[in-house]
Amino acid sequence: MQPGGYVAECALAAARADDPTAAVADYRAMVKALMVSNRQLGGIGNNLNQLTWHLNKDGAWPHPDTVQRLLDRVEASIVEVDTAVAQITEGR
């Protein structure tokens, strides 16, 4: 998020709220949580890339169900982050 967009969203949250300070703090907390989630998902992606490299190099792939469960968990995490972003940007 660009600084101007962040400032605008904080200003709108404060204008809509009965307690502007709390509204801005809540918005800031949501943005920080999303930034942490984004960094964690990036780390997971990096680990998956490294795992794939080693698996291709060694040829010792795990059982397909194990890989699918891992991918399902990553996809579910991405959906949760996308939902949170949508809620923030829609002002909910």
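One numbering rule holds for all chains: residues counted from 1, following each sequence as written. The predicted origin of the model limits local features to residues at a pLDDT of at least 70 and limits the giving and counting of side-chain atom pairs to 80 or more, whereas totals for whole chains, interfaces and linings rest on all residues. In computing side-chain values, all of the structure's heavy atoms are included and hydrogens and water are not.

Peer 1: Can you help me understand the overall build of the protein in this one?
Peer 2: Counting its secondary structure elements, the protein contains three helices and zero strands. Put simply, DSSP H or I for four residues or longer makes a helix, DSSP E for two residues or longer makes a strand, and each gets a number counted from the N terminus. The N-to-C order of helical and strand elements in the protein reads α-α-α. Note on classification: 1.4 Å probe, protein chains only; a residue is buried when its accessible area is under 20% of the maximum for its type, exposed when over 50%, partly exposed between these limits. Every one of the 92 residues in the protein was classed for burial, and the buried ones make up 14%. Only heavy atoms enter the contact rule, under which two residues are in contact if any of them lie within 4.5 Å. For the protein, contacts bridging at least 24 residues in sequence account for 53% of all contacts bridging at least 6. When the accessible area of the protein is evaluated, it comes to approximately 7,000 Å², of which 57% is carbon and sulfur surface. Note on areas: Shrake-Rupley, 1.4 Å probe, and residue coverage restricted to the protein chains presented here.

Peer 1: Looking at this structure, how should I read the nonpolar core?
Peer 2: Generally speaking, a soluble globular protein has its nonpolar side chains buried in company with each other. Within the largest apolar cluster, six residues are counted, these being Tyr27, Val31, Leu34, Leu41, Val81 and Ile88. Elements that contribute at least two residues to this core include exactly α2 (20–58) and α3 (64–89). Sort the elements by how many residues they give to this core and α2 lands first, with four residues. Those residues in contact with leucine 41 that lie beyond four places of it in its chain are Ser77, Ile78 and Val81. Here, nonpolar core refers to any group of buried Ala, Val, Leu, Ile, Met, Phe, Trp, Tyr and Cys residues whose side-chain atoms link them within 4.5 Å.

Peer 1: Explain the confidence of the model for the protein to me, please; I cannot follow it from the model alone.
Peer 2: As a note on interpretation, predicted positions should not be read in detail where pLDDT is low. The predictor's confidence in any single residue is recorded as pLDDT, a number from 0 to 100. Of all residues in the protein, 76% have pLDDT values of 70 or greater, and the mean over the chain is 76. Looking at the elements of the protein, mean pLDDT is at its lowest for helix α1 (residues 3–16), recorded as 65, and at its highest for α3, recorded as 81.

Peer 1: Sorry, what's going on with α3 here?
Peer 2: Each α-helix winds once per 3.6 residues, and so residues spaced three or four apart point in a common direction. Compared with an ideal rise of 1.5 Å per residue, which puts 26 residues at 38 Å, α3 spans 37 Å between its outermost C-alpha atoms and is within 8% of the ideal. Within the span of α3, buried status applies to Val74, Val81 and Ile88. For a helix, the expected span equals 1.5 Å multiplied by the residue count minus one.

Peer 1: I keep staring at the environment of serine 37 and nothing clicks. Help me out?
Peer 2: Mapping serine 37 onto the fold places it in helix α2. Each C-alpha atom of the pair serine 37 and glutamate 80 lies 9.6 Å from the other, and the pair is 43 residues apart in sequence.

Peer 1: Please explain the environment of threonine 52 as it appears in this structure.
Peer 2: In this fold, threonine 52 is placed in helix α2. Under this definition, polar contacts are N or O atom pairs within 3.5 Å; protein pairs additionally need one hydrogen-donor-capable and one acceptor-capable atom, and for neighbouring residues in sequence, both atoms have to be side-chain atoms. Reaching out from threonine 52, the side chain makes a polar contact with the backbone oxygen of leucine 48 at a distance of 2.8 Å.

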